Amino acid sequence: MNWDELESACRDCKKCALYETRRKLVFGVGPRDAEVLFVGEGPGENEDLQGEPFVGRGGKLLDDMLEIIDLSREKNVYIANIVKCRPPGNRDPLNTEQTACIDWLREQYRLLRPKIVVCLGRIAAMVLIDEGFKITRDHGKWYDKDGVLFTALYHPAALLRDPNRKPETFVDLKEIQRKIGEVCERTY
Ligand code: URA
């Protein structure tokens, strides 16, 4: 499957009930050859309306965070979510919904072949890094999975709720920038 085939199959997905209540599919955004992949948890209301990940207040903060380390969704980072349809009322995606949806992300990962994966928040980190991941304890740590480097940051929504976490996130971001310099081939 190529990218367009994957997106179109994902649009037709009925593997869980979320397709019934979502407005737009939120497949992902960014260059389809980016070396860095950011993964959030699932679309909120603004994303559901616009069909793009991280477009509300949290999205603006994420774009600012990316800019600090010379990344942008227009140029060099791909952004996706664990679930592609909005869980109603902004609840966390259920385990069954995550399981039903994860193969779409797996296929995106296979096509993209990123060098670095950054999980945004606890849910993405628990799915992609370790079930026992604790975001307060483990953010900023690095995990090598078959040669691909994984790490996690506080979710932008968590940073909006608790700005005291921004300084540690800045340190984590600078470390991501350093790793990019080490393992990514294209200059940023
Ligand atoms: N939160 C997420 O985890 N993903 C989005 O796309 C928007 C908000």
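Predicted, not measured: the structure shown is a model, and the values here were computed from it.

Draft legend 1. View of the pairing of strand β2 (residues 77–81). For β2, a buried count of five out of five residues is recorded, marking the element as mostly surrounded by other parts of the structure. Bridge analysis of strand β1 (residues 36–40) against β2 gives five bridges, and the strand direction is parallel. Residue valine 39 lies in a different strand from β2, and its bridge partner there is alanine 80.

Draft legend 2. Region of interest: the site of the ligand. Taken together, Gly40, Glu41, Gly42, Glu47, Pro53, Phe54, Asn81 and His155 make up all the residues around the ligand. At a separation of 2.7 Å, an oxygen atom of the ligand approaches a polar backbone atom of glutamate 41. One nitrogen or oxygen atom from the main chain of glycine 42 is found 3.1 Å from a nitrogen atom belonging to the ligand. Protein coverage of the free-state accessible area of the ligand, which is 230 Å², stands at 90%. Judged by the proximity of its atoms to the pocket grid, the ligand belongs to the largest pocket. Classifying every residue of the shell around the ligand by side-chain character gives two nonpolar, four polar and two charged.

Draft legend 3. Quick peek at the packing of helix α1 (residues 3–11) against helix α5 (residues 95–112). At a closest axis distance of 11 Å, the pairing of α1 and α5 adopts a crossing angle of 170 degrees. Accordingly, the angle class assigned to the pair α1 and α5 is roughly antiparallel. Contact residues: α1 offers Trp3, Leu6, Ala9 and Cys10, while α5 offers Trp104, Glu107, Gln108, Leu111 and Leu112. Its residues assigned to classes, the contact of α1 with α5 comprises seven nonpolar, one polar and one charged.

Calculation criteria
Per-chain numbering applies: the sequence of each chain, read as written, is numbered from 1 onward. Where totals are concerned, whole chains, interfaces and linings use all residues; where local detail is concerned, this predicted model gives features only for residues with pLDDT of at least 70, and gives and counts side-chain atom pairs only at 80 or more. With hydrogens and water set aside, each side-chain value is computed from the structure's full complement of heavy atoms. Here's how the labels work: a residue is buried when its accessible area is under 20% of the maximum for its type, exposed when over 50%, partly exposed in between, all with a 1.4 Å probe on protein chains only. Going along the chain from the N terminus, every DSSP run of H or I of four or more residues is numbered as a helix, and every run of E of two or more is numbered as a strand. In this description, strands pair whenever DSSP reports at least two bridges between them. One heavy atom within 4 Å of a molecule or strand is enough for the residue carrying it to be called near that molecule or strand. We define a polar contact as two N or O atoms separated by no more than 3.5 Å, with the added condition that, inside protein, one atom must be a possible hydrogen donor and the other a possible acceptor, whereas residues neighbouring each other in sequence contribute only through side-chain atom pairs. Every accessible area reported is derived by Shrake-Rupley at a probe size of 1.4 Å, with residue values counting cover from the shown protein chains alone. Think of a 1 Å grid over the protein atoms and nothing else: a 1.4 Å probe that fits but is trapped marks a cavity, an open set flanked by protein within 12 Å on at least five of seven lines marks a pocket, and residues with an atom within 4 Å of a point count as lining. Each molecule is assigned to a cavity or pocket provided more than half of its atoms lie within 2 Å of the corresponding grid points. Residues are grouped as follows: Ala, Val, Leu, Ile, Met, Phe, Trp, Tyr, Cys and Pro are nonpolar; Asp, Glu, Lys and Arg are charged; every other residue, Gly included, is polar. Here an angle of 0 to 180 degrees is reported between the N-to-C directions of two axes, which are lines fitted to C-alpha atoms, with helices fitted over the stretch in contact. The labels follow the angle: roughly parallel below 35 degrees, roughly antiparallel above 145, roughly perpendicular from 65 to 115, and oblique for the rest. Contacts between residues were defined by any pair of non-hydrogen atoms, one from each residue, lying within 4.5 Å.

Function-wise, these values are silent; they only describe arrangement.
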